[in-house]
Every structure is written in C-alpha cells, then in structure tokens.
Amino acid sequence: MEDGAPPPSSLGSSFGPCGLSLSRMSPTVRGALASFEDAMEEDDGGGMPAGYLDDDDDDDDSGNGLLVDEAMVLEATGEEDLVSVTQLILRNRKVKGFADDCAAGLPNLANLSLSHNRFGSLASLGGHFGALLELNLNFNQVASLDGLVAPLLAKLFLSTNQ
C-alpha cells in the first residue's frame, strides 16, 4: 500500500451515503480517516483519544466562548502549518467558532471533532471546509445547520444539541 495508508478493506469499499470510493481518496486522506476512526473508537465519552486536546482551565469563563485560532490548532495537532492539518480534535475547549483566517487556512481538514463546546451557529465554518468528511458537533448548542458547506461530508454527529 502506498505511503503507509491503511488498505481500503479496513475502511470498507465505500464511504458515506454518496458512495464515495476510498480508492479515489489520496493515501493521506485515507490515513487521516483511519486515525480519526481509531481515536473515536478509543473515546468512550470520558477518555482521551489520540490527538485530543482538553483544556478546562481556559481563561474564558465568561460563558461567551473562544474562537479557534492558528495557535490552538497547531498546539492540538503538532503540525507546523495549517495546510498540513487533516484531523483536528478540540473537545471541551469552550469554543464557539473559528477565526476567519484560521478556517480559511485549513483546506485539507478531513476530520473535525468539536464535541462538548459552545457552538450555537455554524456560520464561522462557512465554505472553508471543502475536504471535510466527518464532523462531530455533539454536546453543543447547535440549532441549525445554516452556514455549513461541506460537499464531501459523509458523517455528521449532532446528538445533544438544541
């Protein structure tokens, strides 16, 4: 298998309701998807999956929430630049949205987990996540999907929202 990507058989022959063929995905995206699925399987709701960044001690206790910025993403992923990020897990970070410059700088983001945060509106996601395959927004305050543009999205998790 090229570039150490998992064999397509480990992920199934197609992905999502559109039947997107895994064989047509780049090895990088297939590898990121497999890593994300492994991390979600390890997360039993109280665990800390690989790539997990949990910070209950943020400076914002006002209830307003924080915006995801470049520094937060790079700290969580260990990457050196936003373009290299394919998976981002930011659970329980008091996040309410993405800073414009940060969202626009993540063109290769395939898997995004923002559970246990303060998202009410998805407007800050905008059209910036064209490569997004999986989005976890469980345990937020999402009342509408307005603002979400993700043409490749195959898995969307929205339990315990408004």
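Residues numbered from 1 in each chain as written. Predicted model: local features only at pLDDT ≥ 70, side-chain atom pairs only at ≥ 80, totals over all residues. Heavy atoms only, no water.

1. Details of the side chain of Asn117
Following the sequence through the fold, Asn117 ends up in the loop between β6 (111–113) and β7 (134–136). Among the polar contacts listed, one links the side chain of Asn117 to the backbone nitrogen of Arg93, at a separation of 2.8 Å. Polar side-chain contacts of Asn117 include one of 3.0 Å to the backbone nitrogen of Val95. Residues in contact with Asn117, not counting those within four places in the same chain, are Leu90, Arg91, Asn92, Arg93, Lys94, Val95, Phe139, Asn140 and Gln141. (Helix = DSSP H or I, 4+ residues; strand = E, 2+ residues; numbered from the N terminus. Polar contact = N/O pair within 3.5 Å; in protein donor to acceptor, adjacent residues only side chain to side chain. Contact = heavy atoms within 4.5 Å.)

2. Things to note about a negative patch on the surface
Where like charges cluster on the molecular surface, the negative patch consists of Asp69, Glu70, Glu79, Glu80, Asp81, Asp100 and Asp101. Note on placement: Asp100 falls in helix α3 (residues 100–104). Among the residues examined, Asp100 registers a relative accessible area of 57% and is labelled exposed. (Patch = residues over 30% accessible without salt bridge, like charges linked within 9 Å, V, L, I, M, F, W, Y side chains within 5 Å. Areas by Shrake-Rupley, 256 points an atom, 1.4 Å probe, with all protein chains shown as cover. Salt bridge = Lys/Arg side-chain N within 4 Å of Asp/Glu carboxyl O. Lys, Arg positive; Asp, Glu negative; His and termini not counted. Charge placed at Lys NZ, Arg CZ, Asp CG, Glu CD. Buried < 20%, exposed > 50% of the residue type's maximum accessible area, 1.4 Å probe, protein only.)

3. Brief notes about the environment of Val83
Here Val83 is to be found in the loop between α2 (70–77) and β4 (87–89). Take Val83: its relative accessible area is 47%, and that puts it in the partly exposed class. When neighbours within four sequence positions are excluded, Val83 is seen to be in contact with Gly105, Pro107 and Asn108.

4. Focus: the nonpolar core
Of all hydrophobic cores here, the largest spans 29 residues; its most connected members are Leu88, Phe98 and Leu106. Those elements giving two or more residues to this core turn out to be α2, β5 (95–98) and α3. Ranked by residue count, the leading element in this core is α2, at four residues. Leu88 has contacts with Val73, Ala76, Thr77, Phe98, Leu109, Asn111, Leu112 and Ser113, leaving out every residue within four places of it along the chain. (Core = buried A, V, L, I, M, F, W, Y, C linked by side-chain atoms within 4.5 Å.)

Any functional reading would require information that these geometric values do not contain.
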